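Structural overview
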Amino acid sequence: MMKWNNVPLKSRLILSMVLILFLVLAATTAIIISTATSQQEELAYEQSIETTKNLANRFNGDMQSYHAIGRTIANSMVEYESGDRDEVNAILKRLMIENPNLIGTYVAFEPDAFDGKDELYANTFGHDSTGRFIPYWTKIGGSLHLEPLLDYDTLDYYQGPKNTKSEVITEPYLYQGELIVSYVTPVIRNDEFLGIGGTDVSLNYIDEDVNQVRIFDTGYALATSNGGIILSHPVNKEWIGARTLADFDDPLIGLMAEDIRSGRGGNIETLDPTTGKEVIMFYEPVKTGNYSFILVVPKDEMLAGVTALRNDLVVISTIALFLMGVLGYLIALSITRPIGTIVDDFKHISDDALHGKLDSRADTDVEIDFKQIPVGLNEILDRLKNNSDQLRTANMELRKYSDELAKANEQLQSLDRMKDEFLSNVSHELKTPLVSIMGYAEVMDDGSLGEINEAQKNALDTIERNSDRLRRLIDSLLYISMAQSGQVKYIFGPVKIDAVIDNVVQDLSIQAHNKGLSLEQDVAEDISLIDGDQNKLTDMLSNLVDNAIKFTPTGGSITVEAREDVDYVHISVIDTGIGIPRELMPLLFQKFYQIDSSTTRRYGGTGLGLCIAKEIAQAHHGHIWIESGKNQGTTVHIKLPK
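Source: prediction; values computed, not measured.

Inspection of every chain in the model, using the stated rule, returns four cavities of 30 Å³ or more. By volume, the largest cavity amounts to about 110 Å³. Along its surface, the largest cavity is lined by 15 residues, and Leu222, Leu245, Phe248, Pro273 and Met281 are the ones closest to its centre. Only β9 (219–225), α5 (251–261) and β13 (291–298) provide two or more residues apiece to the lining of the largest cavity. When grouped by side-chain class, the residues that make up the lining of the largest cavity number 12 nonpolar, two polar and one charged.

Before going further, it helps to examine the side chain of Thr138. Along the chain, the position of Thr138 falls in strand β2 (residues 135–138). Note on Thr138: relative accessible area 0%, which makes it buried. A polar contact of 3.0 Å, which involves the side chain of Thr138, links it to the backbone oxygen of Ile103. Polar side-chain contacts of Thr138 include one of 3.0 Å to the backbone nitrogen of Ile140.

In this structure, Ile206 and Phe293 are the most contacted members of the largest nonpolar core, which totals 48 residues. It is helix α1 (residues 9–79) that contributes the most residues to this core, 11 residues altogether. Filtering out sequence-adjacent residues up to four positions away, Ile206 remains in contact with Phe59, Ala223, Ser232, Tyr291 and Phe293. Of all hydrophobic cores here, the second largest spans 43 residues; its members include Ile497, Ala512, Leu541 and Ala613.

Before going further, it helps to examine the side chain of Arg85. Relative to the assigned elements, Arg85 resides in helix α2 (residues 85–98). Here the side chain of Arg85 touches Gly131 through a polar contact of 3.0 Å, landing on its backbone oxygen. Once residues within four sequence positions are removed from consideration, Arg85 is found in contact with Phe114, Asp115, Lys117, Asp118, Tyr121, His127, Gly131, Arg132 and Phe133.

To continue, consider a negative patch on the surface. A cluster of acidic residues, Glu46, Glu50, Glu397, Asp403, Glu404 and Glu410, forms a negative patch at the surface. Secondary-structure assignment places Glu46 in helix α1. On the basis of relative accessible area, Glu46 is assigned to the partly exposed category, the value being 46%.

This brings us to the packing of aromatic side chains. Tallying each qualifying case throughout the model produces 10 aromatic pairs. With centroids separated by 6.1 Å and ring planes inclined at 75°, the aromatic side chains of Tyr106 and Tyr157 adopt a geometry described as edge-to-face. Taken together, the residues Tyr106 in strand β1 (residues 104–109) and Tyr157 in helix α3 (residues 156–164) connect sequence positions 51 residues apart. Neither residue differs from the other here; Tyr106 and Tyr157 are each classed as buried.

Counted at 1.5 Å a residue, the expected span for helix α11 (residues 497–514) with its 18 residues is 26 Å, and the 26 Å between its end C-alpha atoms agrees. At Leu508, α11 shows its largest kink, close to 45°. When we look at burial in α11, the residues that qualify are Ile497, Val500, Ile501, Val504, Val505, Leu508 and Ala512. Among the residues trailing α11, Gly516 stands out with phi positive, at a value near 75°.

Cut-offs used in this document
Residues numbered from 1 in each chain as written. Predicted model: local features only at pLDDT ≥ 70, side-chain atom pairs only at ≥ 80, totals over all residues. Heavy atoms only, no water. 1 Å grid on protein atoms, 1.4 Å probe; cavity = no way out; pocket = protein on both sides within 12 Å on 5 of 7 lines; lining within 4 Å. Points joined across faces, edges and corners; volume = space filled by probe spheres on them. Helix = DSSP H or I, 4+ residues; strand = E, 2+ residues; numbered from the N terminus. Nonpolar A, V, L, I, M, F, W, Y, C, P; charged D, E, K, R; others polar. Buried < 20%, exposed > 50% of the residue type's maximum accessible area, 1.4 Å probe, protein only. Polar contact = N/O pair within 3.5 Å; in protein donor to acceptor, adjacent residues only side chain to side chain. Core = buried A, V, L, I, M, F, W, Y, C linked by side-chain atoms within 4.5 Å. Contact = heavy atoms within 4.5 Å. Patch = residues over 30% accessible without salt bridge, like charges linked within 9 Å, V, L, I, M, F, W, Y side chains within 5 Å. Areas by Shrake-Rupley, 256 points an atom, 1.4 Å probe, with all protein chains shown as cover. Salt bridge = Lys/Arg side-chain N within 4 Å of Asp/Glu carboxyl O. Lys, Arg positive; Asp, Glu negative; His and termini not counted. Charge placed at Lys NZ, Arg CZ, Asp CG, Glu CD. Phe/Tyr/Trp six-rings, centres within 6.5 Å; stacked < 30°, edge-to-face > 60°. Expected span 1.5 Å × (residues − 1). Bend = angle between axes of the 7 residues up to and from the residue.

What follows is the structure, encoded as structure tokens:
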């Protein structure tokens, strides 16, 4: 074997220069690749964690609303002393109608704890054989109906509040074949347990909503109860309500189940029981409800960006190493004398570079023939160090901006959630006393509580009219809040537009007549059915006709027309009212916009009617626009696809 000392100087120089430059660039490149890929990997984890938390927070808002309704029912019963079972049933039924996502509302009193007249109601409709007051308004098994509560002597929904005298959110359970969760508040008066009030929510919609969640290419979400019962799965529907996390016999999934049972979030790396792929499972509990969400993300998809970045950096570094090797070779070819000093400098620099130090420089105090070698090397090192410093500074600034942006985003999300929760809770809290006000006013108006004179009847009519106006205002605010948070649900099916128009015209004809207006409909015969949500379309058209009545002076007319185009049903609401200046037309569909926003304006309202109408039209893939001019009347057009 040839000794190193016997190797020609030119070859030794070439080998030494290429090796040293390789080590310098390799050390720098390794640092850069490690830093960049670590940051990319952290961002991928943070994205998945944030997605899981947002999913949990969205459903937490739903559960808080349902809990608030149950709490309001119970609190109303604490103060309720009229002993009118029909009136309580009317309140429970109204809450079911106004909150379509609920599957049940109820109160349940101890024997004779409601009005002391249980024996009078034995075996009557909505009661059991004892006459105990236990009404349950439910949609289980079909349309809304009344039946007595079952299994209250054994199930937690009644026994839990009774034993603890505190609110209970039940673990998901089967009731009459439906998987539900109950939000129950005890009715306690003078520290005595009288009964409960609460709401039931079907968990079927959770499976439908969670199945829509996708992250990266094939990542998906599922929901479990705090006890580990699977509540949703995108593929294995037979698991829902029948399997638990403990059934997978995976120690890591077992640890996740323990965290979920304790209300903690986190993540694990394991194999997906469905696909067998290596995945990362992120989990987060829902605070108002005994269940959690799990986001299942294939590890290779989540880190695909990290792998691509690492590969790109390796390719760039390889090209740089090759070019630097060529440069070293060309420099070595021009050398004809030993350059021991330069070689020593190279070795010293390479040793420092291996330890991450790029501050060492070659000695330039050499003969003029070799001076350019150390000078050139120093320039290369200066550029490398400068680039490294710039990259380090840029990374620090990027991390700083990323942290600030994350904090700002978190604050904005927190404020938005607080706003939505406040608006939703306030709307629900206002509805319950409003229902009682309207109920009492109707009972007094029809003479059930005694005869009233004409002045009293006029006052009651005013109360009913303004209560209904307040109800519409609350419904509008609640709809906008739910639309912003994606909670508005549409139930599509065949809809007869002529029937919708006829119902709206009949409902608002008295309002139009009282103002001295003509309200008519002009609907083409045999108009086609459309695919839509009949209740939402009725709300949309009611808002438009109500607006027309509001802005049309006495003696005017309003006509609701419907014609059929090739691909659309074209609805028009035409009035002879005050019209709208053309320059204000682009602003009409904005939330809370009023043409006259002064405190002395003649026309009331929230400015939400047209905004809600646009939301509903767009949800039906339709189009809405307005034709008007000042003192020229107004025509609102809606085109809905067949």
